[in-house]
Amino acid sequence: MYFAENAMTALHMSAFLSGFQCLGDRCEDTCCKGWGMQLSAQTVERYKRDAPELLDAVTTGEAQHIMKRDPTTDYCVKFDAGWCGVHATYGTEFLGDACHFFPRVTRGLGDDAMMTASISCPEIVRLAVLKDGGFEWQESEATRLPDSLKNYVPDALDAQKTQAVHQCFIAAALDETASPETIMARIRSVAASLQTIDMASWAQAAPFYLKNADARIPAPEVQLADPFNLLNALQGLVGASKKTNRPRLDATLFDMQSALKVQLDWERLTIHTSEDSLAAWQEMSKRWQHEWAAGFAPILRRWIAAQLSVALFPFAGFGETPEDRATILGVRFATVKLALMSACQMSNERIDDDTTVRIIQSLARFLDHLADPELSMKIYTETGWVRQARLSALIGVSS
Ligand code: SF4
């Protein structure tokens, strides 16, 4: 169904979305480039029926039906000077769900739909992560919903309890009395605890576990190679993914490589440390702690909230179980933090908002869409980061 004709579905929208408007030709990393934007069977049927000439722009690839891309520019063939040609000529109802809704993500919760958005879009990073107060829910009109809206309420819970569990994690992410590292460790610990009990009691258990999580977090088990392995893990995921032109991610990787004084070998997907690498890491982490960490703490808390929101954590997202999901999130948190730290170190000052947006968005676009979650878990298992004590060390929980 293209439109919510029966109006049964109440739409709840993250507050930060109320200020969202696609930047179009002003976007620094348009979503019309480098991705196979999917079309549902219903959209293809609509093209066959009402605009058969549009079928020339449809091919197969990452999904059965995707928009064709220009092989030389990697842009969607309908991209025209910063804007969508399908939208301009035919109207929004001819856009497939991926094109119509991106960066919005909508999930069914009983009779309700919850709409939030992905930080793979730079404008969402500005609205949700750089600004405060975006994670309240606002009621909205559902003029269109995705063709298939999966209901995420598990059998053991009702919609209200599912939402209560999720909200409890969002509130934990935004706790200003805790460091983002502690928050991340709490989330990982509580995710593991929830898995050991009957899901029917999650709504009561989640706030209790979150309140008492600190006592259950083991002392971090530090390994000196962790920051280098973290960059190597990112390198491995990039190397295993489809090759596209990603100048913003390249800039992020370049700063990480330079700040750690290492060389990345992209042929062999190996990292070469130098005799200065460890000292470079130690000096950089000291500077981060003294000069930059406090300023970035609200940003990293909102980064966690944005990731939990888009995954309706702990009910969806990458990973088979809540514990796996929290582990993947934890390693990504460490990656974003290392990238921010490296950019500050290379600039010799706190980076500006545009650079912060570039780092967060370029990593999200890659890690949330193109990196293989199975390979991620394989790497994180080999490095030991699936264990709470090792993950705590990686993300920088103080002992
Ligand atoms: S990434 Fe965001 S701002 Fe940029 S073109 Fe896509 S939706 Fe618009």
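That block above? That's the structure.
What counts as what
- Residues numbered from 1 in each chain as written.
- Predicted model: local features only at pLDDT ≥ 70, side-chain atom pairs only at ≥ 80, totals over all residues.
- Helix = DSSP H or I, 4+ residues; strand = E, 2+ residues; numbered from the N terminus.
- Buried ≥ 20, exposed ≤ 12 C-beta atoms within 10 Å, placed from the backbone.
- Contact = placed C-beta atoms within 7 Å.
- Near = placed C-beta within 6 Å.
- Nonpolar A, V, L, I, M, F, W, Y, C, P; charged D, E, K, R; others polar.
- Pairing = 2+ DSSP bridges.
- Axes fitted to C-alpha atoms, helices over the stretch in contact; angles between N-to-C directions.

With respect to the overall build of the chain
Working step 1: Helix and strand counts for the chain stand at 14 helices and 10 strands.
Working step 2: When the backbone C-alpha atoms are referred to their principal axes, the chain occupies close to 65 × 50 × 35 Å.
Working step 3: The buried share among the 399 residues of the chain stands at 43%.
Working step 4: Looking at the chain alone, contacts between residues at least 24 apart form 76% of all its contacts between residues at least 6 apart.

Here we look at the environment of C344
Working step 1: In this fold, C344 is placed in helix α11 (residues 322-347).
Working step 2: Judged by local crowding, C344 falls into the buried class, with 24 C-beta atoms found within 10 Å.
Working step 3: With 36 residues separating them along the chain, C344 and Y380 place their C-alpha atoms 26 Å apart.
Working step 4: Other than its neighbours up to four places away in sequence, C344 contacts W288, W292, E349, R350 and I351.

Let's talk about the site of the ligand
Working step 1: The local shell around the ligand consists of C22, L23, C27, T30, C31, F102, P103, C121 and E123.
Working step 2: When grouped by side-chain class, the residues that make up the shell around the ligand number 7 nonpolar, 1 polar and 1 charged.

Regarding the sheet that holds strand β8 (residues 137-140)
Strands pair in a sheet through their backbones, by hydrogen bonds, and they do so in one of two ways: parallel or antiparallel.
Working step 1: Taken in spatial order, the 4 strands of this open sheet run β6-β7-β1-β8, and their pairing is mixed. The outermost strands of the open sheet, each flanked by one partner alone, are β6 (104-109) and β8. Strand-to-strand, the axes of this sheet are offset by a mean angle of 30°, without reference to chain direction.

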